[in-house]
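Residues per chain are reported as follows:
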Amino acid sequence: MSTAAASPPGPSRRAGLRRGLAAALHRHAGARLALLLSAPLAWLGVAYLGALAALLVTAFWSTDSFTGELVRTFTWANFRDVLTVEVYRTVALRSLLVAVAVTLIDVVIAFPMAFAMAKLASRRAQRWLVIAVLTPLWASYLVKAYAWRVMLSSDGLLGWGYGLPATIATLAYLWLPYMILPIYAGLERLPDSLLDAAGDLGARGARTFRTVVWPLTFPAVVAGSVFTFSLSLGDYIAVKIVGGKSQLIGNVVYDNIGAAGNLPFAAAVATVPVLIMLVYLAAVRRTGALENL
């Protein structure tokens, strides 16, 4: 009496499916890329974009002045206060100017340092210089900020006192490596033959910089500015430590979450730097700077 053929064992079937899936992914590069990016993109959507969406939704709520409870009723009151109350407009403008000042200072300091690293130092020295630039990033943010507080105090090494100049100096120091490294990468990609050709054609140093070096490395400078500008725009810890009585956007957000307990208004204020950065990123996208990040 004949018996029916036995079905293939489970492990063999699974192995065949794996081989078929691997072959399909090998043939379709797009599917392979989509599979690799699916997990990080899903995390980005939940953790980052989801948090921004929750922030925007909360900004349209309000807080009961008597109980302190959230009132989940749609209102424009928070945004109206941000736009119409003079103190908040002043804080927003001050934060913007501080971010611009920090970025410009870092460009002035970082460019000659990056040029020396990329074009004047030997290959061996370049590696050590890159490590030296990265070393401050390994130290605690608070340690560096309080070190500046000690130096800026009335009896400290600099003795400037606290306020906006102290805030700008501290932030410029904190974010300087984020400006040096993109510029260094851009200068390293700049062929030495272009500099030699400019010299052979009679261009002096200033003209070579203006017509060759700066135009070709400008996207790298803008890429570094994305870091220094955004980090300065949203910072609140350094301002608390060395800013004296000065307030920036981050301080208003922090105070409304902590002492005032007004989460919806804090969310409305927090949308200001988000909108500023969206406009800034849209503007710098045309420069090719985002490809240098």
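Now for a description of the structure that goes with this document. The shown structure was predicted, so the numbers you read here are calculated from the model rather than taken from an experiment.

**Some thoughts on the packing of aromatic side chains**
The tally for this structure, following the rule as stated, stands at 16 aromatic pairs. Relative to Trp-76, the ring of Phe-74 lies with its centre 5.6 Å away and its plane at 85°, an arrangement referred to as edge-to-face. Ring pairs connect the aromatic residues Phe-60, Phe-74, Trp-76 and Phe-79, which therefore count as one cluster.

**Remarks on the nonpolar core**
Most often, soluble globular proteins have nonpolar side chains that are buried together. Formed by 19 residues in total, the largest nonpolar core has its most connected members in Ala-110, Phe-111, Ala-114, Ile-180, Ile-183, Leu-187 and Val-213. Secondary structure elements with two or more residues in this core: helix 4 (86-120), helix 7 (164-188), helix 8 (192-200) and helix 9 (205-234). Those residues in contact with Leu-187 that lie beyond four places of it in its chain are Phe-111, Ala-114, Phe-115, Ala-118, Lys-119, Val-213 and Thr-217. Membership of the second largest hydrophobic core comes to 15 residues, among which are Val-82, Phe-265, Ala-268 and Ala-270.

**Digging into helix 12 (residues 263-284)**
Between its terminal C-alpha atoms helix 12 stretches 32 Å, which fits the 32 Å expected from 22 residues at 1.5 Å a residue. Between the side-chain oxygen at the start of helix 12 and the backbone nitrogen of Phe-265 there is a gap of 3.3 Å, and the oxygen is on Asn-262.

**Re the environment of Ala-203**
Examined against the element boundaries, Ala-203 turns out to sit in the loop between helix 8 and helix 9. Non-local contacts of Ala-203, meaning those with residues more than four positions away in its chain, are made with Ala-198 and Thr-208.

**Points about the packing of helix 4 against helix 9**
It is at 9 Å that the axes of helix 4 and helix 9 come closest, and there the two elements cross at 135°. In terms of orientation, helix 4 and helix 9 fall into the oblique class. Seen along the crossing, helix 4 lies across helix 9 with a hand that is right-handed. For the pair helix 4 and helix 9, the contacting residues are Ser-95, Leu-96, Ala-99, Val-100, Val-102, Thr-103, Asp-106, Val-107 and Phe-111 in the first and Phe-209, Val-213, Trp-214, Thr-217, Val-221, Ser-225, Thr-228, Phe-229, Ser-232 and Leu-233 in the second.

**Re a nonpolar patch on the surface**
Together, Leu-36, Leu-37, Leu-41, Leu-44, Tyr-48 and Leu-49 give the surface a local cluster of nonpolar side chains, amounting to about 600 Å² of exposed area. Residue placement: Leu-36 occurs in helix 2 (residues 29-59). Residue classification places Leu-36 among the exposed residues on the basis of a relative accessible area of 61%.

**Quick look at the side chain of Ser-95**
With respect to the secondary-structure elements, Ser-95 resides in helix 4. In contact with Ser-95, other than residues within four places in its own chain, are Leu-233, Leu-248 and Ile-249.

**A word on the environment of Asp-64**
Within the fold, Asp-64 resides in the loop between strand 1 (62-63) and strand 2 (70-71). Counting along the chain gives 198 residues from Asp-64 to Asn-262, while the straight-line C-alpha distance between them is 9.2 Å. With near-sequence residues (within four places) excluded, Asp-64 lies in contact with Glu-69 and Val-71.

**Description of the packing of helix 8 against helix 9**
It is at 10 Å that the axes of helix 8 and helix 9 come closest, and there the two elements cross at 165°. One way to sum up the angle between helix 8 and helix 9 is to call them roughly antiparallel. Like other packed secondary-structure pairs, helix 8 and helix 9 cross with a definite hand, here right-handed. Where helix 8 approaches helix 9, its residues Leu-194, Leu-195 and Ala-198 are matched on the opposing element by Thr-208, Val-212, Val-213 and Leu-216. Across the contact of helix 8 with helix 9, the residue classes tally to six nonpolar, one polar and no charged.

**Some details on the pattern of salt bridges**
Summed over all chains, the structure comprises three salt bridges. Across the pair Lys-119 and Asp-192 runs a salt bridge, and its minimum N-O distance is 2.9 Å. One end of the pair, Lys-119, is in helix 4; the other, Asp-192, is in helix 8, with 73 residues separating them in the sequence. Taking the relative accessible area as the measure of exposure, Asp-192 reaches 47% and is therefore partly exposed. Of the charged contacts in the structure, one is a salt bridge between Asp-255 and Lys-240, with a shortest N-O distance of 3.2 Å. Of the two residues, Asp-255 sits in helix 11 (residues 249-257) while Lys-240 sits in helix 10 (residues 237-242), which places them 15 residues apart along the sequence. Judged by its relative accessible area of 22%, Asp-255 is partly exposed.

Rules and cut-offs
- Residues numbered from 1 in each chain as written.
- Predicted model: local features only at pLDDT ≥ 70, side-chain atom pairs only at ≥ 80, totals over all residues.
- Heavy atoms only, no water.
- Phe/Tyr/Trp six-rings, centres within 6.5 Å; stacked < 30°, edge-to-face > 60°.
- Core = buried A, V, L, I, M, F, W, Y, C linked by side-chain atoms within 4.5 Å.
- Buried < 20%, exposed > 50% of the residue type's maximum accessible area, 1.4 Å probe, protein only.
- Helix = DSSP H or I, 4+ residues; strand = E, 2+ residues; numbered from the N terminus.
- Contact = heavy atoms within 4.5 Å.
- Expected span 1.5 Å × (residues − 1).
- Polar contact = N/O pair within 3.5 Å; in protein donor to acceptor, adjacent residues only side chain to side chain.
- Axes fitted to C-alpha atoms, helices over the stretch in contact; angles between N-to-C directions.
- Parallel < 35°, antiparallel > 145°, perpendicular 65-115°, else oblique.
- Left-handed = near helix turned anticlockwise from the far one by under 90°.
- Patch = residues over 30% accessible without salt bridge, like charges linked within 9 Å, V, L, I, M, F, W, Y side chains within 5 Å.
- Areas by Shrake-Rupley, 256 points an atom, 1.4 Å probe, with all protein chains shown as cover.
- Salt bridge = Lys/Arg side-chain N within 4 Å of Asp/Glu carboxyl O.
- Nonpolar A, V, L, I, M, F, W, Y, C, P; charged D, E, K, R; others polar.

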